[in-house]
Amino acid sequence: MKKNDMFFIHGTDYREMTIRLLEACNLAALIGDTGKSVALKPNLVTTTPPEEGATTHPEILAGAIEYLQAHGFGELSVMESSWVGARTDDVFQVCYHDRVCQRYGVPFYDMKKDTYTTYDARGMEIAVCDRAMAVDFMINLPVFKGHGQTKVTCALKNNKGVIPDFEKRRFHALGLTRPIAHLNTVCKNDFILVDNICGDLDFEDGGNPVVMNRILAFRDPVLCDAYVCTAMGYAVDDVPYVRLAEQLGVGSADVTKAHRVYVNEPLEEFGPGEDAQDRTGRGTESVIRPSGRIARLAKHAEQREACSACYGALIRALSRMEKRGTLRRLTETVSVGQGFRGVAGALGIGRCTASFARSCPGCPPDAADIVDFLEEAAENCPH
Ligand code: SF4
């Protein structure tokens, strides 16, 4: 498999599809010596099961482990750190990855408990977990999905799971773009297996899955994310960390120069928004667009350097209020993020807005608590 290859497979037997895809990519040859240590890094961002569109399906993890073990790789591990505010162990269980690791005898490491070392990531100091840097070969298992702040999240941003929590907070304080791009100049990105089964195209933490039943493979994380941008109807420059990662030498964002390989026959008919591909493998891509709900809900919020968990909980809460018919009564803007620390204001979410006249406590607060808080605030809004 070459650096500019993009492999696609579709179907519903995700474990079998993963094995078939990895055979087609000849992953074993890419890794080389079977004595090498190989790590798998899923997306276990928050406690929502994979069918909700936020987290990596366990069948993909199982298929990858089966493939690697069948090819003689014995030193395997799974590692991840959930977002700030979630316990990785809880997500590990909710997403069924605990059962996969147990079944195949592969250890799981919570990166929140790992030690770290600070690296010079092309002009930016970034702390990265030691265990993630010590492996010989890293397989990234991101989910193809949308994100409330960055529009798109896939391979590059999934590597936030190999940095400590204090570093994740700093990333948000710095606005995500620069740190995500710079992180990828030092962290390991040897192979990317994308869960494109049912990602939520609006919310990073899921809830609105869009079924596509595909698994994709890449060697270049920039190409991977550039492809996801175009498949979701964005220009690469709409997601600035992709272009910056390219400029820093992480990979190529030029999807037009990529070579597409379709491992199985294309479906006769695709659902709304899915790719249509011809038998030559060149493909004619249609675009899967996010619903625009995030943009509509975000008009009620002002975010400054907000962590994903906090911002996501606020958007989720606003979404619930919209469904309950209470959002129209909220006439004040809701502030969220580290940029509001020590600032005076009216209505805020999270510990960072503790100095506001009214602030929903928590770091991050739960969406349910935010709903209660905002509905009460909406009752007192000047109508
Ligand atoms: S209150 Fe929210 S924005 Fe502030 S540090 Fe906590 S999670 Fe991040």
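All of the points below concern the structure found in this document. Along each chain, residues carry numbers from 1 onward, in the same order as the chain's sequence is written. Note on the predicted model: pLDDT of at least 70 is required for a residue's local features to be given, and 80 or more for side-chain atom pairs to be given and counted; whole-chain, interface and lining totals, by contrast, use all residues. Heavy atoms from the whole structure form the basis of all side-chain values; hydrogens and water molecules are not counted.

Attention shifts here to the sheet that holds strand β2 (residues 38–42). DSSP calls a pair of strands paired once it identifies at least 2 bridges connecting them. By definition, any uninterrupted DSSP run of H or I lasting at least four residues is a helix, any uninterrupted run of E lasting at least two residues is a strand, and each is numbered from the N terminus. The mixed open sheet is built from eight strands, whose spatial order is β4-β3-β2-β7-β10-β11-β1-β12. This sheet does not close on itself; its edge strands, each paired only once, are β4 (108–110) and β12 (259–262). Direction aside, the axes of adjacent strands within the sheet are offset by 20° on average. In terms of strand pairing, β2 meets strand β7 (residues 137–141) through five bridges, oriented parallel. Residue pairing for β7: K41 is matched across the bridge by N140. Where helix α10 (residues 221–231) meets the sheet, it contacts β1 (5–10), β10 (191–196), β11 (214–218) and β12, and its direction lies at approximately 140° from that of β11. The axes used here are C-alpha line fits, helices contributing only the stretch in contact, and every angle between their N-to-C directions lies in the interval 0 to 180 degrees. The contact criterion used throughout is that any non-hydrogen atoms of two residues lie within 4.5 Å.

Let us now look at the site of the ligand. As a structural note, the neighbourhood of the ligand is formed by R169, C307, C310, G337, Q338, R341, G350, R351, C352, G362, C363 and P364. Following the grouping adopted for this structure description, the nonpolar residues are Ala, Val, Leu, Ile, Met, Phe, Trp, Tyr, Cys and Pro, the charged ones are Asp, Glu, Lys and Arg, and the polar ones are all others, Gly among them. Here the shell around the ligand is composed, by residue class, of five nonpolar, four polar and three charged. Near is defined per residue: the residue qualifies when any heavy atom it owns lies within 4 Å of the molecule or strand.

Running from N to C, helix α3 (residues 58–70) and helix α5 (residues 97–104) point in directions that differ by 20°, and their axes come no closer than 9 Å. In terms of their interaxial angle, α3 and α5 are classed as roughly parallel. Handedness of the α3/α5 crossing: right-handed. For the pair α3 and α5, contact is made by P58, L61, A62, I65, E66 and Q69 and by H97, V100, C101 and Y104, respectively. Should an angle lie under 35 degrees it is considered roughly parallel, over 145 roughly antiparallel, and from 65 to 115 roughly perpendicular; all remaining angles are considered oblique. For any pair of crossing helices, the crossing counts as left-handed if the nearer helix is rotated counterclockwise from the farther one by less than a right angle, and right-handed if it is rotated clockwise.

This part is about the pattern of salt bridges. Between side chains of opposite charge, pairing is possible as soon as their charged atoms come close. Every case where a carboxyl oxygen of Asp or Glu lies within 4 Å of a side-chain nitrogen of Lys or Arg is listed as a salt bridge. Counted by the stated rule, this structure contains 18 salt bridges. Across the salt bridge formed by D90 and R87, the nearest N and O atoms sit 3.1 Å from each other. The exposure class of D90 is partly exposed, given its relative accessible area of 31%. Burial classes follow relative accessibility: with a 1.4 Å probe on protein chains only, a residue under 20% of its type's maximum area counts as buried, one over 50% as exposed, and anything between as partly exposed. Assessed through its relative accessible area of 52%, R87 is described here as exposed. Salt bridges sharing common partners tie together K112, D165 and K168.

Along the chain, S81 turns up in the loop between β3 (76–80) and α4 (88–94). Any N or O atom pair separated by 3.5 Å or less is treated as a polar contact, with the protein-specific requirement of one donor-capable and one acceptor-capable atom, and with residues adjacent in sequence counted only for side-chain atom pairs. Polar side-chain contacts of S81 include one of 2.4 Å to the side chain of K168. Other than its neighbours up to four places away in sequence, S81 contacts T88, D110, M111, K112, G161, I163, D165 and K168.

Omega for the peptide link from C363 to P364 comes to -5°, which places this bond in the cis form. Residue position: P364 is located in the loop between β16 (358–360) and α14 (367–379). At E305, a position not held by glycine, the phi torsion is positive, near 55°. Accessibility expressed as a relative area gives 33% for E305, which makes it partly exposed.

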